[in-house]
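# Overview (structure and organization)
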Amino acid sequence: MQEQVVRGALVLGLLIPAPHVFAQELRGGPYRSLAIRSAMIIPGHGGPAYGPADILIEGNRITRILQLDPVALGRGGPSERLTGERVIEAGGMYVMPGMIDLHTHIREDPVPLEYVYFMKLAHGVTTIAHGADRGYAHALEQARLEKAGQLHAPRLYPLRGWAPERKRGEPPPPLSEQLRWRDPSEAPALARQVIAEGGHVVSVGEITWNPELFGAVCKAVYAAGGITTIHLPPSTNAVVDAVRAGELGVTMIEHHYGYAESALQRTVQDFPGAYNFNAEDDRFRHAGKVWQQAPLDRLYGEVVDRLVKSGVTMIPTMAVYEANRDIVRAMGLPWHEKYTHKALIDLFYPNPSHHGAYHWDWTSDDEATWSYTYRTWQKLIAEFNNRGGTVGYATDDNYIWATGGISNVRELMLMQEAGLHPLEVIRSATHNSAKILRRPDLGLVQTGYTADLVIVDGNPLHSFRLMYAFGALTRDASGKIVRKGRVRWTIKDGAVFDNDTLMAKVVRSVEESKRAFSDPVKKLFAP
Ligand SMILES: [Zn+2]
């Protein structure tokens with residue numbers, strides 16, 4: 001906690017002296033004072049919306065909230081309003097905390113980084129934990145630039161693996177160095193080193209074959225101030241499944257892996273003899289099928305109870321696997337044309353040499369399997385939430401036809417589909433995820449908190465679809481059907497991003513990428 005306060009103060013000190021580094025139209029501030037006026041507020045802790053209210057932000061901090069409802073006005077003296085160096089009139093709009101996506105991807109070159117960052121910001125994401133897809137050193141440098149206010153991006157927490165660092169293509173370090181990382185007694189010193197180098201979120205998927213090491217690393221990283229995250233691979237669920245991972249101390253479990261495995265009657269999944277973990281179509285097909293092998297009484301009984309008791313948190317990433325239950329829909333989504341970069345389409349299109357591009361012979365049987373997976377998995381998420389487990393928020397997007405940013409809205413909808421109340425959904429995406437990330441200054445619209453805010457032109461509690469950059473259909477006061485919505489402004493560390501400008505740049509970038517592009521998906525539907 002102490003350390004967080006100091007870090008917050010440092011950011012404030014860094015940002016205030018040079019508030020106008022960027023062109024006003026794309027990003028303004030942080031300001032000495034910024035007032036958001038007449039907005040409805042969704043606080044983020046699960047409580048309902050209230051307002052209207054004025055919010056004052058000084059530097060990168062929320063310093064005052066003035067309520068303007070009739071009762072508050074009746075109690076106060078002359079009608080005071082908050083004002084500042086910049087004023088945003090937000091009548092009819094809703095303000096909620098910036099969203100924290102705890103697992104996403106920036107992908108590799110030639111996907112433009114700016115395109116990835118802008119899509120996230122424009123859909124209300126102010127913080128991401130992401131795969132260091134272009135190398136860890138590169139990711140740390142980007143995080144440093146973001147922190148210094150020199151990058152138009154969400155706050156960046158690149159994932160660090162539990163292994164000696166090396167660049168792509170570099171040979172592995174000497175065996176003695178590799179073995180040091182496998183020695184549980186070395187975990188505390190190495191964890192402190194990782195954190196000192198700027199790491200915070202450590203991915204422990206490579207060491208699930210060794211429970212003793214896994215447990216030692218999870219505890220050491222937490223003690224050093226960081227958190228751990230796990231994609232429980234089917235290759236080692238026989239050793240460490242979700243319940244075991246939670247009880248060994250991992251902070252968060254990504255995706256759907258390991259839960260059904262925790263409920264199996266036998267100790268291993270019923271893999272067919274010809275199964276090859278490295279054949280991705282097989283891998284994803286059977287990652288769905290394992291849910292059919294899990295006895296439901298055990299899954300929703302002992303498994304949920306032990307997960308809750310362990311204190312582990314879930315980051316489901318439902319948006320990214322939707323292609324598995326309807327691949328044609330996923331490939332043909334109407335927004336790909338204007339908002340999905342050509343380089344992403346190339347990476348998504350079925351191809352055995354691209355990770356996550358395994359739908360070359362995806363059958364109706366596979367889709368039926370995955371529909372069952374979703375029903376079963378979503379009930380597990382709801383049960384975990386209802387019994388006191390902490391559900392966080394993540395998308396894993398920019399993989400498998402899930403376009404970054406757009407999937408952030410879709411994920412909210414899928415959490416609602418799972419059975420969470422819209423207020424619980426927003427709490428997961430904001431307050432819960434801030435707690436999981438150990439950033440107690442984030443995730444609430446409350447005085448004293450860091451000013452990471454999202455201003456939606458509409459009520460997301462009425463429909464999350466209003467948060468898409470292209471809005472949604474609704475009826476106006478006169479009864480006319482109109483398109484409305486979008487996250488109009490995203491505020492991060494007190495800096496205001498104009499999302500219309502961000503999205504104009506996104507559209508231009510996608511347009512340019514497709515100038516000489518013959519879309520392979522369109523050919524699939526040609527006569
Ligand atoms: Zn991922």
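The sections below set out a description of the structure shown in this document. This structure is a prediction, so every number in the text was calculated from the model and none was measured.

Rules used throughout
Residues numbered from 1 in each chain as written. Predicted model: local features only at pLDDT ≥ 70, side-chain atom pairs only at ≥ 80, totals over all residues. Core = buried A, V, L, I, M, F, W, Y, C linked by C-beta atoms within 7 Å. Buried ≥ 20, exposed ≤ 12 C-beta atoms within 10 Å, placed from the backbone. Contact = placed C-beta atoms within 7 Å. Helix = DSSP H or I, 4+ residues; strand = E, 2+ residues; numbered from the N terminus. Pairing = 2+ DSSP bridges. Right-handed = clockwise from strand over helix to strand, strands pointing away. Arc of directions from axis to C-beta. Axes fitted to C-alpha atoms, helices over the stretch in contact; angles between N-to-C directions.

## A word on the nonpolar core
Ala 39, Val 95, Val 217 and Ile 455 are the most contacted members of the largest nonpolar core, which totals 148 residues. Look past the residues within four positions of Val 95 in its chain and what remains in contact with it is Ile 36, Ala 39, Ile 41, Ile 55, Ala 90, Val 445, Leu 453, Val 454 and Ile 455.

## Section: the pairing of strand E7 (residues 99–105)
Counted residue by residue, E7 has seven buried out of seven residues, so it is predominantly covered. In this structure, E7 lies alongside strand E8 (residues 125–131), joined through five bridges in parallel fashion. Across the sheet, residue Asp 101 finds its bridge partner in E8, namely Ile 128. Note on the crossover from E7 through helix H3 (residues 113–122) to E8: the handedness is right-handed.

## Some points on helix H6 (residues 187–196)
Turning to H6, its buried residues are Ala 187, Leu 190, Ala 191 and Val 194. The buried residues of H6 occupy an angular sector of 105° when projected down its axis, which confines them to one face. Exposed side chains of H6 directed beyond 90 degrees from the buried face belong to Ala 189, Gln 193 and Ala 196. Against strand E9 (155–161), strand E10 (201–203) and helix H7 (211–223) lie the buried residues of H6. Once H6 ends, the next one or two residues include Gly 198, with phi positive near 110°.

## A short note on the sheet that holds E8
Across the sheet, eight strands lie side by side as E7-E8-E9-E10-E11-E12-E13-E14; this open sheet has parallel pairing. Each having just a single partner strand, E7 and strand E14 (390–391) make up the two edges of the open sheet. Sheet strands in contact with helix H17 (residues 422–436) are E7, strand E11 (227–230), strand E12 (252–254), strand E13 (313–315) and E14, and its direction is about 75° off that of E7.

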